[in-house]
Amino acid sequence: MNIFFILLSAIALSSALGVILMRNPIHSALCLIVNLVAIAGYFALLNAHFLALVQIIVYAGAIMVLVVFVLMLLNSKLEEQKSAGLFMLVVSSVFAVMFIVHMSKIYGAEFSTSGVASASLQGTVANLGRVLFTQYVFSFEASAVLLMAAIVGAAMLAKTTPERPRGDGERV
Amino acid sequence: MAGVGVLVLFVKGFIVQQLTLGLASFCTWVERKGSALIQDRVGANRAGAFFEVGDLLKTDNVLLQPIAFVVRTLVLAPTLALVRFLGVLGVINTLLNDALKALLKEDFIPEGTSPFLHAMGPFMAVAPVFLAYAVVPLAPDFVVAGYTIRPQVVELNAGLLFLLAMGSLAVYGVILAGLTGNNKFSLLGALRASAQMISYELAMGTTFATLVLVYGSLDLYEIVMAQAGSVMNWGILHGTGIVSFIILFVVGMAETKRGPFDMPESESELVAGYFTEYSGMKFLLFWLGEFAEIALFSLILTIFFFGGWHIPFVSLPEGVWWAALVGHAVLIGKVLFFCVLQIVIRWTLPRFRYDQLMDLGWKILLPLSLVNLVVAAVIELSLK
Amino acid sequence: MSTSSYLTISIILFSIGTIGFVVRRNAIVVFMCVELMLNAVNLAFVAFARHHGSLEGEAAVFFVMVVAAAEAAVGLAIIIAVFRNHRSIETSDADHLRL
């Protein structure tokens, strides 16, 4: 178990760094895909098998395909011309390090065990389904409505109207 | 105990991998020779077809003559006869010569792309398909030396979701190939292919949900066992099984980007689509992935709708090794039938237009699969 | 493994995502950094769920995924609309208070 955790951590952290360090956005996207699959691996280690597979299907299989698809469509001049300067990098890094040190101190004290290990609470499809359709049934239905709204909204935003006056004429 | 488990796992994995490669090679051969039959050509029949024993091992040494005679009649002659037979059938040409040729070819990498990503393209096209075989059960359980062995590499309780996950990862092979090709044909082919795969995945996911509802399980082994008994228990005859079967069959043809759905590689417009810039073994890997995917879809169809290893009107004894072997042979026989069916359709029907393909996916198959889900749910409820 | 080691990984991933969000200018990369942060939080959710032996954390992850999918659809459509008008997806170029 330990070896898997170390391996996954190495993959997840290096690919996360790759996402923000690669200049070509497509390379960033590929790094993010590796990262998402690594996080699915963590889910599997934590006995959430259903979530691990859904993570791959939804994130790697749908969202990231969409992102790469858009990157391929807008293929021209995607290399970043300028980045936000050294000042922002230094400030955000300092705050990030402070955040990491502080939070891991809190968590390290309080969650140093592996917690309750009960076999009946594994994240199998049946167990998770029971929770989703009883306790969270309203949120479940609401998320269906949200997805519907997102589909319609995306179609409206991406649709091209044949001749739209550009420039000062019309507010979109 | 743990050691035995790991050993059994490795043996299972090895066998399944060999089976995958075997099925893929069978499809390659049917593709070459079957297409020739359909188009009234002869097809591959040259390599190895003219081997003769002739003067081989002829010697003047009196002492060696009997040995040479024995070797010629008992070893060389039968071997060469077999080689001639396979050569006329085109097996040597398709499986041996083509692979050797591809190995010896120059590995061309287009300028201005990363060689690593270029190599990852065919890898990502093949690896998910091979991984998906891990959750497919290939024979009934059998008992050896007190151990019950299930002929399935991973006994995952969410095997169906694993199939979906691997199917969605296979898109990246296409995308990487299109991106690293560094030309317009690759890019357009990859855009077409990935849009096609994503569109048809919707109908596939909905139909999988229908099947989960009907069988009440995500484990492929349990799905096969639910179809035991008579033919009436087979998935295709149960409820709306025939509709699910038609949807999954069409989706399978489209997901493998073959048959009438091969717009991504339409030769007349896009040279070869997303694998335009690939040569040698990397090119062959794409083909291997494609044929492995055909065989995988045939396996899925057999397991969901045609009773897996169950034989009509015959029930095999449980837990015996020979019953497992017979079951496996029956399963593979059904799978080969669907492989050949897909290849015949591919060489018979003309290509769709791209808008027709999108219409079929979004306006026909997706609504049909949604209606199918509701109807199947109603039927299941009324049967209870 | 103890829960705190998973949480530490989650914190580091979240921080990396935040740095990328602040530093990068390409709108799609910014979007991907948000996804990275969401995933870090998901990891923390699952770790907490196992720690307390309840499935509520996993249900939360499920909803985060749904919202992330909706966000991806709308967000990328907006990015395409911005690109159509500005011929660029740099965040600093989209400064007209409209698409």
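Structure first, text after, so check above.
Calculation rules
- Residues numbered from 1 in each chain as written.
- Chains lettered and ligands numbered in written order.
- Predicted model: local features only at pLDDT ≥ 70, side-chain atom pairs only at ≥ 80, totals over all residues.
- Heavy atoms only, no water.
- Helix = DSSP H or I, 4+ residues; strand = E, 2+ residues; numbered from the N terminus.
- Areas by Shrake-Rupley, 256 points an atom, 1.4 Å probe, with all protein chains shown as cover.
- Lys, Arg positive; Asp, Glu negative; His and termini not counted.
- Charge placed at Lys NZ, Arg CZ, Asp CG, Glu CD.
- Rg over C-alpha atoms; globule rule 2.2 N^0.38 Å.
- Buried < 20%, exposed > 50% of the residue type's maximum accessible area, 1.4 Å probe, protein only.
- Contact = heavy atoms within 4.5 Å.
- Salt bridge = Lys/Arg side-chain N within 4 Å of Asp/Glu carboxyl O.
- Buried area = accessible area lost by both parts, 1.4 Å probe.
- Polar contact = N/O pair within 3.5 Å; in protein donor to acceptor, adjacent residues only side chain to side chain.
- Nonpolar A, V, L, I, M, F, W, Y, C, P; charged D, E, K, R; others polar.
- Patch = residues over 30% accessible without salt bridge, like charges linked within 9 Å, V, L, I, M, F, W, Y side chains within 5 Å.
- Axes fitted to C-alpha atoms, helices over the stretch in contact; angles between N-to-C directions.
- Parallel < 35°, antiparallel > 145°, perpendicular 65-115°, else oblique.
- Left-handed = near helix turned anticlockwise from the far one by under 90°.
- Expected span 1.5 Å × (residues − 1).
- Bend = angle between axes of the 7 residues up to and from the residue.
- Phe/Tyr/Trp six-rings, centres within 6.5 Å; stacked < 30°, edge-to-face > 60°.
- Lys NZ or Arg CZ within 6 Å of the ring centre and 35° of its normal.
- Core = buried A, V, L, I, M, F, W, Y, C linked by side-chain atoms within 4.5 Å.
- Domains from an automatic or database assignment.
- Disulfide = S-S within 2.5 Å.

Colleague: Tell me what's going on with the overall build of chain B, and back it up with residues and numbers.
Modeller: The helix and strand tally for chain B stands at 13 helices and 2 strands. Taking the principal axes of the C-alpha coordinates as reference, chain B spans close to 85 × 60 × 45 Å. Carbon and sulfur atoms form 73% of the exposed surface of chain B, whose accessible area is close to 18000 Å². Taken as two groups, the 22 positive and 26 negative side-chain charges of chain B have centres that lie 5 Å from each other.

Colleague: Can you explain the overall build of chain C? Please cite residues and give values.
Modeller: What chain C contains, in helices and strands, is 3 helices and 0 strands. N-terminal to C-terminal, the α/β element order of chain C is α-α-α. Radius of gyration (C-alpha) of chain C: 16 Å, far over the 13 Å computed for a compact globule of 99 residues. With respect to the principal axes defined by its C-alpha atoms, chain C has extents near 50 × 25 × 15 Å. Per-residue burial over chain C gives 65% buried out of 99 residues. Within chain C, contacts between residues at least 6 apart in sequence are counted, and of these 51% link residues at least 24 apart. Carbon together with sulfur atoms contributes 68% to the accessible area of chain C, which is approximately 3200 Å² in total. Distance between charge centroids for chain C: 9 Å, based on 6 positive and 7 negative side chains.

Colleague: Break down the pattern of salt bridges for me, with residues and values.
Modeller: All names here are of chain B. Applying the stated criterion across every chain, the model contains 3 salt bridges over all chains. Here Glu31 and Arg346 are joined by a salt bridge, their closest N and O atoms 3.4 Å apart. Pair noted here: Glu31 is in helix H1 (residues 2–38) and Arg346 is in helix H12 (residues 321–348), with a separation of 315 residues, a long-range link. Assessed through its relative accessible area of 7%, Glu31 is described here as buried. The partner of Lys363 in a salt bridge is Asp359, and the shortest N-O contact between them spans 3.4 Å. Placement of the pair is Lys363 and Asp359 together in helix H13 (residues 354–383), with a separation of 4 residues, close to one helical turn.

Colleague: Go over the interface of chain A and chain C with me, naming the residues and quoting the values.
Modeller: Every contact between the two is made by 86 residues of chain A and, on the other side, 71 residues of chain C. Summing both partners gives a buried area of about 7300 Å² for chain A against chain C, and 75% of it is carried by carbon and sulfur. At the junction of chain A and chain C, the tally comes to 0 salt bridges. The interface formed by chain A and chain C holds 4 residue pairs in polar contact (both at pLDDT 80 or more) in total. It is helix H3 (residues 49–73) of chain A that contributes the most residues to the side of chain A that touches chain C, 12 residues altogether. Among the residues forming the side of chain A that touches chain C, the class breakdown is 54 nonpolar, 24 polar and 8 charged.

Colleague: Before we move on, can you summarise the side chain of Ser10 of chain C with the specific residues and values?
Modeller: All names here are of chain C. As for its position among the elements, Ser10 is in helix H1 (residues 3–23). A polar side-chain atom of Ser10 sits 2.8 Å from the main-chain carbonyl oxygen of Ala40. Among all residues touching Ser10, those that are not within four sequence positions of it are Ala40, Leu43 and Ala44.

Colleague: Explain the arrangement of the chains residue by residue, including any values.
Modeller: The structure contains 2 pairs of chains in contact, of which chains A and C account for the largest number of contacts. Looking at chain B next to chain C, you find no contact at all, with the nearest C-alpha pair sitting 14 Å apart.

Colleague: Could you give an account of the interface of chain A and chain B, naming the residues involved and the relevant values?
Modeller: Each partner contributes residues to the interface: chain A has 19 residues there, and chain B has 22 residues. Taken over both partners, the interface formed by chain A and chain B buries close to 1800 Å², and the fraction arising from carbon and sulfur atoms is 86%. The interface formed by chain A and chain B contains 0 salt bridges. Applying the counting criterion to the chain A and chain B interface returns 2 residue pairs in polar contact (both at pLDDT 80 or more). Within the residue set of the side of chain A that touches chain B, elements represented by two or more residues are helix H2 (25–45) and H3 of chain A. Class assignment of the residues belonging to the side of chain A that touches chain B gives a composition of 15 nonpolar, 4 polar and no charged.

Colleague: Which residues make up a nonpolar patch on the surface, and what values do they have?
Modeller: Judged by side-chain polarity, Leu86, Phe87, Met88, Leu89, Val90, Val91, Val94, Phe95 and Met98 of chain A come together as a nonpolar surface patch covering roughly 870 Å² of accessible area. Taking the relative accessible area as the measure of exposure, Leu89 of chain A reaches 34% and is therefore partly exposed.

Colleague: I'd like to hear about the packing of helix H1 (residues 2–21) of chain A against H2 of chain A, residue by residue, with values.
Modeller: All names here are of chain A. Taken N-terminus to C-terminus, the directions of H1 and H2 make an angle of 155°; their axes are 8 Å apart at the nearest point. Our classification of the angle between H1 and H2 gives roughly antiparallel. When you trace H1 past H2, the crossing you get is left-handed. For the pair H1 and H2, the contacting residues are Phe4, Phe5, Leu8, Ser9, Ile11, Ala12, Ser15, Ala16, Gly18 and Val19 in the first and Ser28, Cys31, Leu32, Val34, Asn35, Ala38, Gly41, Tyr42 and Leu45 in the second. When grouped by side-chain class, the residues that make up the contact of H1 with H2 number 13 nonpolar, 6 polar and no charged.

Colleague: Let's hear about helix H4 (residues 115–132) of chain B: which residues, and what values?
Modeller: With 18 residues, H4 of chain B ought to run about 26 Å at 1.5 Å a step, and its terminal C-alpha atoms sit 27 Å apart, in line with that. Maximum bend of H4 of chain B: about 30°, positioned at Phe123 of chain B. When H4 of chain B is considered as a whole, its buried residues turn out to be Leu117, His118, Gly121, Pro122, Met124, Ala125, Val126, Ala127, Pro128, Val129 and Ala132 of chain B. Taken together, the buried residues of H4 of chain B touch H2 of chain A together with helix H5 (159–169), helix H6 (171–180) and helix H11 (280–305) of chain B.

Colleague: I'd like a description of H13 of chain B, backed by residues and values.
Modeller: All names here are of chain B. Its 30 residues give H13 an end-to-end C-alpha distance of 41 Å, which sits within 8% of 44 Å, the value for a rise of 1.5 Å per residue. At Leu365, H13 is deflected by roughly 30°, the largest bend along its length, and proline Pro367 occurs up to four residues later in sequence. Against the buried residues of H13 lie helix H7 (184–215) and helix H9 (241–255).

Colleague: Explain the packing of aromatic side chains residue by residue, including any values.
Modeller: Residues and elements named next belong to chain B. Taken as a whole, this structure holds 24 aromatic pairs over all chains when the rule is applied. Among the aromatic side chains, those forming a connected cluster through ring pairs are Phe208, Trp234, Phe245, Phe249, Phe304, Phe305, Phe306, Phe337 and Phe338. The lysine or arginine in question, Arg192, covers the ring of Tyr354, its NZ or CZ lying 5.7 Å from the ring centre. Here the guanidinium or amino end of Arg346 rests over the ring plane of Trp347, the centre of that ring lying 4.7 Å away.

Colleague: Summarise the nonpolar core; cite the residues concerned and give the values.
Modeller: With 174 residues, the main nonpolar core has Tyr42, Phe43 and Met64 of chain A, Phe304 and Phe305 of chain B together with Met32 of chain C as its most contacted residues. Here this core gets 18 residues from one element, more than from any other, and that element is H3 of chain A. Here this core spans two domains, and each of domain 1 (1–76) and domain 2 (124–159) of chain A adds at least three residues to it. Apart from residues no more than four positions distant in its own chain, Phe43 of chain A is found in contact with Ala48, Leu51, Ala52 and Gln55 of chain A together with Asn42, Leu43, Val46, Val61 and Met65 of chain C.

Colleague: How would you sum up the state of the cysteines? Please name residues and give values.
Modeller: Scanning all chains against the criterion turns up 0 disulfides over all chains. Note on Cys31 of chain A: no disulfide assigned, nearest cysteine sulfur contributed by Cys33 of chain C at a separation of 11 Å. Taking relative accessible area as the criterion, Cys31 of chain A reaches 14% and is therefore assigned buried. Free of any disulfide, Cys27 of chain B has its nearest cysteine sulfur in Cys339 of chain B, 3.7 Å distant.

On their own, these measurements won't tell you what the molecule is for.
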